[in-house]
Amino acid sequence: MRVSAPRLLVDGRLTGPGAVEVSAGRIVAVHDRPVGAAGPDDVQLATGVLVPGLVDLQVNGAFGCDLADAPAHEWQAVARSLPATGVTSWQPTLITAPLERLEQGLAVARAVADAADPSGARMLGVHLEGPFLSPARAGVHDVAQMCDPEPATVTRLLEAGGGLVTMVTLAPERPGGIEAVATLAQAGVCVSVGHSDATADVVAAAADAGARAVTHVFNAQRGLHHREPGVAGRALVDERLAVGLIADLHHVSADVCRLVLTAACGRVVLVTDAMAAAGMPDGDYLLGGQQVHVRRGRPPQRADGTIAGSALLLDQAVRNVVGLGVPVEQALDAASRVPADALRRPDLGRLAPGAVADLLWLSDDLVPLRTWVAGREVWAAARS
């Protein structure tokens, strides 16, 4: 199969016209010129831009589903809905809960992985956002269920995941935190600093031990101060750290989004932190079993006003930051290559020979029109 387009995102640059050649689910060549249709599966796009499929590292739920208590078929329904937003790879995210409940969620993830449904976005693994977090920066997480990352507890969760724990958000200042970072990093897990009251020096020590990301920068963490940079300040200057950003313009203001995207250019990971309300009308939804209210023009909130995840979808996050003046190629890179690299998946998030053929056709105003996962079309916009 060959897909030709007037513009393509290649190596972080918009180029074109050109074409991507696909065989057995992988990209075998990227041409710097249009390639005429030679076979029945070849596609010639007359408008828009062809880009890698988007990668979302933080999805608590969406389309009415709260992953924390959902059965496998509801996880699969979310995966089948995500390609309409341009997402071809995702990390289901489980927030702080009793260990037994986290183990149940990981068992569901294993069932989803075993089913290997090819009709939706690819599940990369599970992001555990807790329970090793700071009560001082709890956000919507249940303080009563937070705990220190003792070796036995870390091992218990890794074993429950059966190799599917790909990311863990933790507060490295907790007793045993730096040691846990090293253990998780050695197991191949992407450790992300978040829900943390750590000083910048402690965050640096976590990076020394193998941490390589910061979760939803500026939210639920020690903020930036001119004498103590905190988690957020260290995130902006430490080249080892990918910087998660919820660009719904509620969690982080427009000006601070611009600051993050400028200071950490090339390291910013656009994430949704989506909960069940994403892709749904206003109403009442669940996040980790907690009641959350969604009203027009406001982020999801608990009854006490605490922001609880987001209703953001990743294609909208891209359009939001482009609307702030960020170059289109930087915005798209932050939603594809950079998150893939954070998980050390060089086979994802790029149009390059050898990469998995996850492709997204966007309109000129960056609205998804057609999505392929491993070279197989999984979604297309309705045609008149």
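Conventions adopted
Residues numbered from 1 in each chain as written. Predicted model: local features only at pLDDT ≥ 70, side-chain atom pairs only at ≥ 80, totals over all residues. Heavy atoms only, no water. Helix = DSSP H or I, 4+ residues; strand = E, 2+ residues; numbered from the N terminus. Buried < 20%, exposed > 50% of the residue type's maximum accessible area, 1.4 Å probe, protein only. Disulfide = S-S within 2.5 Å. Pairing = 2+ DSSP bridges. Axes fitted to C-alpha atoms, helices over the stretch in contact; angles between N-to-C directions. Parallel < 35°, antiparallel > 145°, perpendicular 65-115°, else oblique. Left-handed = near helix turned anticlockwise from the far one by under 90°. Contact = heavy atoms within 4.5 Å. Nonpolar A, V, L, I, M, F, W, Y, C, P; charged D, E, K, R; others polar.

Trainee: What am I meant to see in the environment of E150 here?
Mentor: Mapping E150 onto the fold places it in the loop between β13 (126-129) and α3 (151-161). The partly exposed category is assigned to E150, whose relative accessible area is 48%. Sequence separation between E150 and Q91 is 59 residues, and the spatial gap between their C-alpha atoms is 24 Å.

Trainee: Honestly, the state of the cysteines in this entry has me stumped. Any pointers?
Mentor: A covalent bond between the sulfur atoms of two cysteines is referred to as a disulfide. For the structure shown, the criterion picks out zero disulfides. Residue C147 stays outside any disulfide, its sulfur separated by 20 Å from that of C190, the closest cysteine. Given a relative accessible area of 21%, C147 falls into the partly exposed group.

Trainee: Any chance you could explain the sheet that holds strand β4 (residues 18-23) here in plain terms?
Mentor: Hydrogen bonds between backbone groups are what pair the strands of a sheet, and the pairing can be parallel or antiparallel. Across the sheet, four strands lie side by side as β5-β4-β1-β6; this open sheet has mixed pairing. The open sheet is flanked by β5 (26-31) and β6 (43-44), the only strands paired with a single partner. Two elements, strand β1 (residues 2-5) and β6, share two bridges in a ladder whose sense is parallel. Bridging from a neighbouring strand, V3 pairs with V43 of β6.

Trainee: Mind showing me how you'd approach the packing of helix α5 (residues 200-209) against helix α6 (residues 230-237) here?
Mentor: When two helices pack together, their arrangement is given by the angle between the helix axes and by the axis-to-axis distance. Contact geometry for α5 and α6: axes closest at 8 Å, N-to-C directions at 50 degrees. Taken together, α5 and α6 sit at an angle that is classed as oblique. Relative to α6, the crossing made by α5 is right-handed. Of the residues in α6, those touching α5 at A200, V203 and A204 are G230, V231 and R234. Of the residues belonging to the contact of α5 with α6, the class tally is four nonpolar, one polar and one charged.

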